[in-house]
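Reading the structure
Okay, here's what each chain looks like letter by letter:
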Amino acid sequence: MNQRQTVLVVDDEKQNRTLLAELLKDDCRVALAGNGNQALDRAHELQPDLILLDVMMPDMNGYQVIQALKNDDTTRQIPVIFISALDSPADEERGLDLGAVDYITKPFHPSIVRKRVRNHLQSVHHRHLLENLAMIDSLTEIANRRRYDEALEHEWRRGARNGSPLSLAIIDVDHFKAYNDRLGHAEGDHVLRRIARALSAFVRRPGDLVARYGGEEFVLLLPETDAHAAAEIGEEIRASIENLHLAHPNSPVSNYITISLGGTTLIPNGGQVAPLFFQIADDALYAAKADGRNRAFWRQRTD
């Protein structure tokens, strides 16, 4: 690794912070936080590659901290290792259910902590390489937002040259925060992977693209697809996700995971992507949510 990675150590005991900082200083940059609120501030500011998080802290415990991290798109991908004196299987299971990648009990063996941190940092490094070079989202293994942005520019120019329609769908998982709050982020990540696989079945031609746009939001790009055909595909997608029968105990919409979908179709004009293209699709998504969710709305721009 050419650039030193950053590890954020969060513990209300100064002695523990000092010990971990000394242990890891040769392998990475170490940042420190003495409580949960400091941890959230430093995570936003530094975007560390890994967080070592104590559970038993005053005011805001480690479980509350990881929930706040996972509920924020800017920090939810940062891996967290719990280091805790709570050593029962139930405590470890709870930490992993909340999205931690590892759980280390105190008193810990310094050499074991160092090796585990090294292994996780190596995994983060490989993930970043994958995302930057292959343009693949590491969680869902479909295209990431960067790949979508490039594909959109390419297909927009091609549509403008050929006078052919371009369709875009924005897909949002209904009440996904409520799902994570009830079942944990590990289960939430599993759901996102299942949805990504289902959406990939609708990539039927070389120019079609499905990508994870961020959090629980996905996009589908359909070149040379008119509004009627695209709207039919949108409804097929909505039904296919509901038919996965992934239980959602906290949803007021359905007993199962559902999605809301908004889409639009237009014929590109000019060399630059019109911001209105995404906005119209996003407005349709908002309308689908306002109408009760588990809906697929499509709008065609005619001017």
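Structure first, text after, so check above.
My aim in this report is to walk through the structure given alongside it, one point at a time. On a predicted model such as this, the values are computed, not experimentally measured, just so you know.

**Thoughts on the overall build of the protein chain**
A count of helical and extended segments in the protein chain gives 10 helices and 10 strands. With the principal axes as the frame, the protein chain shows a C-alpha extent of 65 × 45 × 30 Å. Residue pairs at least 24 apart in sequence account for 66% of intrachain contacts in the protein chain once pairs closer than 6 positions are excluded. Here the protein chain has roughly 14600 Å² of accessible surface; of this, 46% comes from carbon and sulfur atoms. Of the side-chain charges in the protein chain, 35 are positive and 44 negative, and the distance between the mean point of each set is 4 Å.

**Observations regarding the pattern of salt bridges**
In the structure shown here, the tally under the stated rule is 18 salt bridges. Here Asp102 ties to Arg116 by a salt bridge, and the two come within 3.4 Å at their closest N and O atoms. With Asp102 in strand β5 (residues 102-105) and Arg116 in helix α5 (residues 110-134), this residue pair connects regions lying 14 residues apart in the sequence. Assessed through its relative accessible area of 31%, Arg116 is described here as partly exposed. Where Arg238 meets Glu235, a salt bridge forms, and the shortest distance between an N and an O atom there is 2.8 Å. Here Arg238 and its partner Glu235 are both found in helix α9 (residues 227-242), 3 residues apart, which amounts to about one turn of the helix. For Arg238, a relative accessible area of 13% gives the class buried.

**Here's the deal with the pairing of strand β2 (residues 29-33)**
Pairing analysis gives 5 bridges linking strand β1 (residues 6-10) to β2, with the strands arranged parallel. Each bridged residue has a counterpart across the sheet, and for Leu8 the counterpart in β2 is Ala31. What joins β1 to β2 is helix α1 (residues 14-24), and the crossover it makes is right-handed.

**Some remarks on the sheet that holds β5**
Taken in spatial order, the 5 strands make up an open sheet running β2-β1-β3-β4-β5, and their pairing is parallel. The sheet terminates laterally at β2 and β5, the two strands that pair on one side only. Across the sheet, the mean angle from the axis of one strand to that of its neighbour is 20°, orientation sign disregarded. By the bridge criterion, 4 bridges tie strand β3 (residues 50-54) to strand β4 (residues 80-84) in an arrangement that is parallel. Each residue of the ladder has a partner; that of Leu53, found in β4, is Phe82. Set on the sheet, helix α2 (residues 36-46) makes contact with β1, β2 and β3; between it and β2 the angle comes to about 145°.

**Let's talk about the sheet that holds strand β7 (residues 209-214)**
Taken together, the 5 strands give an open sheet; going across it, the order is β7-β8-β6-β9-β10, and neighbouring strands pair in mixed fashion. This sheet does not close on itself; its edge strands, each paired only once, are β7 and β10 (296-300). Across the sheet, the mean angle separating the axes of adjacent strands is 20° when strand polarity is ignored. Two elements, strand β9 (residues 259-266) and β10, share 5 bridges in a ladder whose sense is parallel.

**Description of the packing of aromatic side chains**
A complete count under the given rule lists 6 aromatic pairs for this structure. For the pair Tyr148 and Tyr213, a centre-to-centre distance of 5.8 Å together with 80° between the ring planes defines the contact as edge-to-face. With Tyr148 in helix α6 (residues 145-162) and Tyr213 in strand β7, the pair connects residues that are 65 residues apart, well separated along the chain. The same class applies to Tyr148 and to Tyr213, which are both buried. Taken together, the ring pairs in this structure connect Tyr63, Phe82 and Tyr103 into an aromatic cluster.

**Some details on the packing of helix α7 (residues 176-183) against helix α8 (residues 185-200)**
Where α7 contacts α8, the axes come no closer than 7 Å and their chain directions differ by 135°. When the axes of α7 and α8 are compared, the pair comes out oblique. Between α7 and α8, the residues in contact are Phe176, Tyr179, Asn180 and Leu183 and His185, Glu187, Gly188, Val191 and Leu192, respectively. A breakdown of the residues in the contact of α7 with α8 according to their chemical character gives 5 nonpolar, 3 polar and 1 charged.

Rules of the game
- Residues numbered from 1 in each chain as written.
- Predicted model: local features only at pLDDT ≥ 70, side-chain atom pairs only at ≥ 80, totals over all residues.
- Heavy atoms only, no water.
- Helix = DSSP H or I, 4+ residues; strand = E, 2+ residues; numbered from the N terminus.
- Contact = heavy atoms within 4.5 Å.
- Areas by Shrake-Rupley, 256 points an atom, 1.4 Å probe, with all protein chains shown as cover.
- Lys, Arg positive; Asp, Glu negative; His and termini not counted.
- Charge placed at Lys NZ, Arg CZ, Asp CG, Glu CD.
- Salt bridge = Lys/Arg side-chain N within 4 Å of Asp/Glu carboxyl O.
- Buried < 20%, exposed > 50% of the residue type's maximum accessible area, 1.4 Å probe, protein only.
- Pairing = 2+ DSSP bridges.
- Right-handed = clockwise from strand over helix to strand, strands pointing away.
- Axes fitted to C-alpha atoms, helices over the stretch in contact; angles between N-to-C directions.
- Phe/Tyr/Trp six-rings, centres within 6.5 Å; stacked < 30°, edge-to-face > 60°.
- Parallel < 35°, antiparallel > 145°, perpendicular 65-115°, else oblique.
- Nonpolar A, V, L, I, M, F, W, Y, C, P; charged D, E, K, R; others polar.

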